[in-house]
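Structure at a glance
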Amino acid sequence: MIPNQWYPILPAEEVRNDKPTGVRRMGQELVLWRDLDGNLVCQGARCPHKGANLADGRMKGNSVECPYHGFRYGPDGGCKAIPSLGSGARIPGSLRVPVHPVREAHGLVWLWWGEERAGLPDIQAAPEVADNPKVHSTLHWTRPVHYTRYIESLLEFYHITYVHRDHWFNYIDYLFLYGTPRKLGLDGKERYLSATKIANHHLETDTERQTLRYSFDHQDEADPKNTTHYVITFTFPCQVHVRTEQFEATSWLVPVDDGHTEHILRWYEYPAFKPLLRSERLRRVLPWMSLYMEKWIQDVQDVRIMERQEPKISEGGVSKFTPVDELNAKYLAMRSRLIQEAAAEKEAKAAKETGKETAADPLPAAGVPEPAGKRPAPANGRRTPKPAANGEGLSSVRASGAR
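In every chain, residue numbers begin from 1 and rise along the written sequence. Per-residue local features are limited, in this predicted model, to residues with pLDDT of at least 70; the limit for side-chain atom pairs, both in listing and counting, is 80 or more; totals at the level of whole chains, interfaces and linings are taken over all residues. Derived side-chain values reflect all non-hydrogen atoms in the structure, with water molecules and hydrogen atoms excluded from consideration.

**Comments concerning the nonpolar core**
Think of a nonpolar core as a cluster: buried Ala, Val, Leu, Ile, Met, Phe, Trp, Tyr and Cys residues, connected wherever their side-chain atoms sit within 4.5 Å. Only protein chains enter the calculation, and the probe is 1.4 Å; a residue is then buried if its accessible area is under 20% of its type maximum, exposed if over 50%, and partly exposed in between. Core analysis: the largest hydrophobic core is formed by 68 residues, its most contacted members being Val109, Phe157 and Tyr331. Here, residues are in contact when the closest pair of their heavy atoms is within 4.5 Å. Each residue touching Val109, except ones within four places of it in the same chain, is listed here: Tyr7, Pro8, Ile9, Leu10, Pro11, Ala12, Val15, Leu32, Leu40, Val102 and Arg103. Trp33, Val64, Cys66 and Cys79 belong to the second largest nonpolar core, which has 17 residues in total.

As structure tokens, this is what we get:
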């Protein structure tokens, strides 16, 4: 997982103000809800009292109530009530749940996973997504694969000839997407299976926006007119936008944990049907159908392959890439660099904080007794830093845990 990034975790419409919503992301159990003003709240889901999951509780005024003993936690994470101690109980300030920065953008809830900062960066989204005016529908599901392998499966499409060929649904693709009107679509399967070559591939890198844009033709070597042109736009940490003449879709492959990935998929309307379907609701029907077919058929075919890939996590050096895998290779190289930069930033911050502590707390002069409550200085003249709190918040990112 790449630290210091915004990750989309679920559609914003799924977080309500009448009940908490629980998700598992980045290896953490989270609870999301809206306060009385409609503001989004994201917190660690474990009640510090006895570990119950707050997502199984209910909303109580401007707080979320634990399902086990009724402890209530406000938007700031502090405990607001302990029913068993009565209304006048003195509540310890340490009885609180971690609160995580979240924002709403592009119809999704975005979670900041990284170091605490005074000012957080903007959410990165390629113009293909941020400025896309097309009507769309969105669906999400979980698969038992690591997110690097999932992302790889969408950074190239020359696998489709071999993976998506034998299910009954593929014949719909053959007929309507690849068949020619002259032959009433009946030549679709032949055209689909004969297109195996990648040509005219070109990679562009936008380092500032952390975006990679790859265009190529997937064509029949014996008949270059049988060609599908693809433009794949990848934006870190996990957004893949795919555009062809036939369809347009955006995927966010979000880490649930080391063995699972949440696939948030957005499918855009088909331009050819827009003049025929005046109602926006009707224009969403075909994208919805595409989403469900993708979830239950096409994506299942891909995941069946990914589940048996070795190693389970992709990184530089584990695969023997060919020239048409340049987008995949660039993704892994930039991912590695971003992880290293985040680790270096964390080390520099820790070193700076340690220096401040030492400067603010000088050693006593020789012969002057240490003030009460002070720790004695070791023989080397440097103080041993206090052990770090074993925090469970997403802001306590360990560089060694960045995968």
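Still more to cover.
**Overview of the packing of aromatic side chains**
Two aromatic rings, drawn from Phe, Tyr or Trp (for Trp, its six-membered ring), form a pair once their centres lie within 6.5 Å of each other, and the interplanar angle then sorts them: stacked below 30 degrees, edge-to-face above 60, tilted otherwise. This structure, assessed with the given rule, holds ten aromatic pairs. Between the aromatic rings of Tyr214 and Phe216, the centroid separation amounts to 5.4 Å while the plane-to-plane angle is 40°, which identifies the pairing as tilted. Accessibility assignment for this pair places Tyr214 and Phe216 in one class, buried. Between Phe247 and Trp267, the aromatic rings sit 5.2 Å apart at their centres with planes inclined by 20°, giving stacked as the arrangement. With Phe247 in the loop between β15 (239-243) and β16 (248-257) and Trp267 in strand β17 (residues 260-268), this residue pair connects regions lying 20 residues apart in the sequence. Residue classification places Trp267 among the buried residues on the basis of a relative accessible area of 9%. Each residue in the set Phe157, Tyr214, Phe216 and Tyr230 is aromatic and connected to the rest through ring pairs, giving one cluster. The helix and strand labels rest on DSSP assignments: H or I over at least four residues marks a helix, E over at least two residues marks a strand, and numbering proceeds from the N terminus.

**Concerning helix α2 (residues 147-154)**
Owing to its 3.6 residues per turn, the α-helix brings residues three or four apart onto one side. Most of α2 sits out of view: eight of its eight residues are buried. Residues of α2 that are buried: Tyr147, Thr148, Arg149, Tyr150, Ile151, Glu152, Ser153 and Leu154.

**Digging into the sheet that holds strand β2 (residues 21-25)**
Strand order in this open sheet of three strands is β2-β3-β4, and the pairing throughout is antiparallel. A single partner strand is all that each edge strand has here, and the edge strands are β2 and β4 (40-44). With direction set aside, neighbouring strand axes in the sheet form an average angle of 30°. The pairing of strand β3 (residues 28-34) with β4 spans five bridges and is antiparallel. Residue pairing in the sheet places Arg34 in a bridge with Leu40 of β4. We treat two strands as partners when DSSP finds at least two bridges between them. For helices, the fitted line uses only the C-alpha atoms of the stretch in contact; every axis is such a line through C-alpha atoms, and the angle between N-to-C directions lies from 0 to 180 degrees.

**Observations regarding the state of the cysteines**
Any two cysteine sulfur atoms within 2.5 Å of one another count as a disulfide. Scanning the entire structure with this criterion turns up zero disulfides. You can see Cys47 has no disulfide; the closest cysteine sulfur is in Cys66, sitting 3.9 Å from it. Its relative accessible area of 3% is what places Cys66 among the buried residues.

**Here we look at empty space enclosed by the protein**
Two kinds of site are reported from a 1 Å grid over the protein atoms alone, namely cavities, where a 1.4 Å probe fits but cannot get out, and pockets, open sets with protein on both sides within 12 Å along at least five of seven lines, and residues are called lining when an atom falls within 4 Å of a point. Grid points are joined across faces, edges and corners, and a volume is the space filled by probe spheres set on the points. In total, this model carries three cavities of 30 Å³ or more according to the counting rule given. Residue lining of the largest cavity: Ile160, Thr161, Tyr178, Arg191, Tyr192, Ala195, His218, Asn226, Thr227 and Thr228, and that is the complete set. Where the lining of the largest cavity is concerned, the elements lending two or more residues are α3 (160-163), α5 (188-194) and β14 (223-235). If you tally residues by element for the lining of the largest cavity, the top one is β14, at three residues. Just so you know the grouping, Ala, Val, Leu, Ile, Met, Phe, Trp, Tyr, Cys and Pro go in nonpolar, Asp, Glu, Lys and Arg go in charged, and all remaining residues, Gly too, go in polar. For the lining of the largest cavity, a count of residues per class yields four nonpolar, five polar and one charged.

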